[in-house]
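Coordinate inspection notes
Spelled out, the chains give:
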Amino acid sequence: MITVALFDAKAYDRPSFAHYGALRDVEFRFLETKLNEDTVELARGCDVVCVFVNDTVSAAVIDRLYEYGVKLIALRSAGYNNVDVRAAYGKVHVVHVPAYSPYAVAEHAMALLLTSVRRIHKAYNRTRDFNFSLNGLTGFDLHGKTAGVVGTGKIGRIFIDICRGFGMRVIAYDRFPAEDSGIAYVALDELFQQSDIISLHCPLTDETRHMIDGAAIGKMKKGVVILNTSRGGLIDAEALLEGIKARKIGAACLDVYEEEADIFFEDRSGHILNDELLSRLISMPNVIVTSHQAFLTEEALNNIADTTVNNIRSYFENDGICDNELCYRCGSIERCRKDRKERCF
Ligand code: NAI
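Residues numbered from 1 in each chain as written. Predicted model: local features only at pLDDT ≥ 70, side-chain atom pairs only at ≥ 80, totals over all residues. Heavy atoms only, no water.

**Examining the layout of surface pockets**
Counted only if it meets this: As defined here, a cavity is a set of points on a 1 Å grid over the protein atoms alone where a 1.4 Å probe fits but cannot get out. A pocket is an open set with protein on both sides within 12 Å along at least five of seven lines, and residues line them when an atom is within 4 Å of a point. Grid points are joined across faces, edges and corners, and a volume is the space filled by probe spheres set on the points. Domain boundaries shown here were taken from an automatic or database domain assignment.
Reported here for the second largest pocket is a volume of approximately 380 Å³. Surrounding the second largest pocket, 20 residues form its lining, Val53, Asn54, Asn81, Glu258 and Ala261 being those nearest its centre. Two domains share the lining of the second largest pocket, each providing at least three of its residues, namely domain 1 (2–100 + 297–330) and domain 2 (102–289).

Written as structure tokens, this is what we have:
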């Protein structure tokens with residue numbers, strides 16, 4: 001039996017992880033607390049720690065895990081910006097779930113866009129109050145508008161297909177453009193200048209942090225709609241608020257927020273929110289916030305649990321070789337040694 005400390009466990013995680021774990025002799029210990037320097041002690045005696053997007057797997061945490069003999073950090077997410085992969089190199093192997101339902105995220109991005117531009121959130125509240133007035137609910141057609149997609153990986157490409165289904169013109173920017181994909185790539189500045197809607201689907205890295213800042217917003221069209229279902233740190237939220245106040249940004253739909261770690265995923269109703277910036281953004285009539293919900297479909301939850309259990313089993317059964325290892329060794333992190341069926345170290 002392999003024992004796994006599953007940090008930041010939510011009610012929706014338990015059924016799928018308990019089910020897939022039982023099938024393959026993996027025992028999950030569900031811990032509601034997030035993993036960080038103060039809580040890492042709870043991993044003592046476990047073979048694996050299983051973490052999500054707001055656990056902090058810093059160099060200090062990794063050193064403690066190594067000291068406790070933890071062999072594997074199993075991310076139950078695709079993004080891994082919260083893990084110091086460089087610090088883990090040579091000590092603890094790291095695996096992730098590269099794709100669990102890119103459809104879930106891309107569809108959520110479109111749901112946010114439609115909600116925003118057709119004012120569905122306002123209409124819903126009005127009709128529940130028997131207010132059938134249409135004043136202030138004028139939207140605009142998506143057909144014929146230009147969508148600028150940043151990051152054309154699994155999620156970005158599905159979002160592109162969805163946009164094309166709406167008759168939108170799609171342009172894209174990617175640091176590593178996909179060859180022969182039929183995608184119209186442009187420079188990032190050009191994307192900012194031409195897009196009516198900008199949707200972010202690239203990872204958070206040192207290079208992409210605050211890619212949407214005051215200067216970027218300055219280049220955008222007046223009335224632009226910004227969608228972020230990727231990572232909060234891609235947007236400088238102060239600059240976003242300024243752009244909204246200046247009427248430059250027509251709407252913002254945010255499933256992620258840079259400082260979400262201590263706020264999202266919890267019921268904070270009845271509490272005073274200690275984040276002025278988020279409070280101010282939420283108070284704006286043209287901002288919609290969902291709390292990192294884009295992944296949350298039944299299909300995605302089952303795939304996350306199934307792949308995580310398979311990652312763990314594969315690591316222990318195949319001498320540490322796992323297709324979904326994140327490797328620092330060759331510098332390319334994801335491309336790594338997979339094809340050669342080797343471990344990172
Ligand atoms: P992916 O790895 O398939 O695609 C990412 C794309 O971004 C790649 O084409 C890559 O070349 C590109 N890219 C890398 N650096 C870039 C740069 N500097 N500028 C522009 N593009 C760059 O990843 P996938 O599965 O499409 O996920 C995208 C992001 O979505 C993840 O990094 C994650 O942060 C986020 N995500 C959010 C979820 C949510 O619930 N809100 C759930 C799952 C993922």
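**Points about the sheet that holds strand E6 (residues 146–150)**
Within a sheet, neighbouring strands are paired by backbone hydrogen bonds and run either parallel or antiparallel to one another. Cut-off, in case you're wondering: Only when DSSP finds a minimum of two bridges between them are two strands counted as paired. Each helix corresponds to a stretch of at least 4 residues labelled H or I by DSSP, and each strand to a stretch of at least 2 residues labelled E; elements are numbered beginning at the N terminus. Only C-alpha atoms enter the line fits that serve as axes; for helices the fit covers just the stretch in contact. Angles between N-to-C directions range over 0 to 180 degrees.
Taken in spatial order, the six strands of this open sheet run E7-E6-E8-E9-E10-E11, and their pairing is parallel. Because the sheet does not close on itself, it has two edges, and the strands there are strand E7 (169–173) and strand E11 (287–289). Going across the sheet, the axis of each strand differs from the next one's by a mean of 15°, ignoring polarity. By the bridge criterion, four bridges tie strand E8 (residues 197–200) to strand E9 (residues 224–228) in an arrangement that is parallel. Directly across from Ile198, in E9, lies its bridge partner Ile226.

**As for the domain arrangement of the protein**
Under the convention used in this document: Should any heavy atoms of two residues lie within 4.5 Å, those residues are counted as being in contact. When two parts are brought into contact, each loses some accessible area as probed by a 1.4 Å sphere; the total of that loss over both is the buried area. By salt bridge we mean one thing: a side-chain nitrogen of Lys or Arg within 4 Å of a carboxyl oxygen of Asp or Glu. The definition of a polar contact used here is a pair of N or O atoms within 3.5 Å, where within protein one atom must be able to donate a hydrogen and the other to accept one, and adjacent residues in sequence count solely through side-chain atom pairs. Lys, Arg, Asp and Glu make up the charged group, whereas Ala, Val, Leu, Ile, Met, Phe, Trp, Tyr, Cys and Pro make up the nonpolar group; the residues left over, Gly among them, are polar.
According to the domain assignment, the protein contains domain 1 (2–100 + 297–330) and domain 2 (102–289). Once you take the C-alpha centre of each, domain 1 and domain 2 turn out to be 30 Å apart. With twelve residues of domain 1 at the contact, the number on the domain 2 side is nine residues. Together domain 1 and domain 2 conceal approximately 950 Å² of surface at their shared face, both sides included; 56% is due to carbon and sulfur atoms. The interface formed by domain 1 and domain 2 holds two salt bridges in total. For the salt bridge of Lys10 with Glu266, the shortest nitrogen-to-oxygen distance reads 3.4 Å. For the interface between domain 1 and domain 2, the tally reads three residue pairs in polar contact (both at pLDDT 80 or more). When the residues that make up the side of domain 1 that touches domain 2 are grouped by side-chain class, the tally is six nonpolar, four polar and two charged.

**Side note on the site of the ligand**
Stated precisely, the cut-off is as follows: One heavy atom within 4 Å of a molecule or strand is enough for the residue carrying it to be called near that molecule or strand. For accessible areas, the Shrake-Rupley method is used with a probe of radius 1.4 Å. Any residue's cover is judged against the shown protein chains and nothing else.
Near the ligand you find 23 residues, and of these Lys154, Ile155, Asp174, Thr229 and Asp255 are the closest. Taking Ser230, its main chain carries an N or O atom lying 3.4 Å from an oxygen atom of the ligand. Measuring from an oxygen atom of the ligand, one finds a side-chain N or O atom of Arg231 at 3.3 Å. Coverage of the ligand by the protein chains reaches 88% of its 870 Å² of free accessible surface. Considering only residue class, the shell around the ligand consists of nine nonpolar, eight polar and six charged.

**Observations concerning the sheet that holds strand E2 (residues 26–30)**
One open sheet holds the five strands; their spatial order is E2-E1-E3-E4-E5, and the pairing between them is parallel. Of all strands in the sheet, those with a lone pairing partner are E2 and strand E5 (93–95), marking the two edges. The mean angle between the axes of side-by-side strands here comes to 25°, regardless of whether they run parallel or antiparallel. Packed on one face of the sheet, helix H1 (residues 14–23) meets strand E1 (2–6), E2 and strand E3 (48–51) and runs near 155° to E2.

**Focus on the pairing of E7**
Pairing geometry for E6 and E7, over five bridges, is parallel. Looking at E7, one finds that Thr146 is bridged to Arg169.

**Quick notes on the pairing of strand E4 (residues 72–75)**
Two faces belong to every sheet, and in a regular strand the side chains alternate between them. As a reminder, the rule being used: Throughout, exposure labels follow a simple rule: accessible area from a 1.4 Å probe, protein chains only, divided by the maximum for the residue type, with under 20% read as buried, over 50% as exposed, and the rest as partly exposed. Here a crossover is taken to be right-handed if, once the strands point away from the viewer, the path from the first strand over the helix to the second is traced clockwise.
Along E4, one buried face is formed by Leu72 and Ala74 and the opposite face, lined by Ile73 and Leu75, is buried too. As paired strands, E3 and E4 are joined by four bridges and run parallel to one another. Residue pairing across strands places Cys50 opposite Ala74, the latter belonging to E4. With respect to chirality, the unit in which E3 leads through helix H2 (residues 59–67) into the neighbouring parallel E4 is right-handed. Taken together, the three bridges between E4 and E5 define a ladder with parallel strand orientation.

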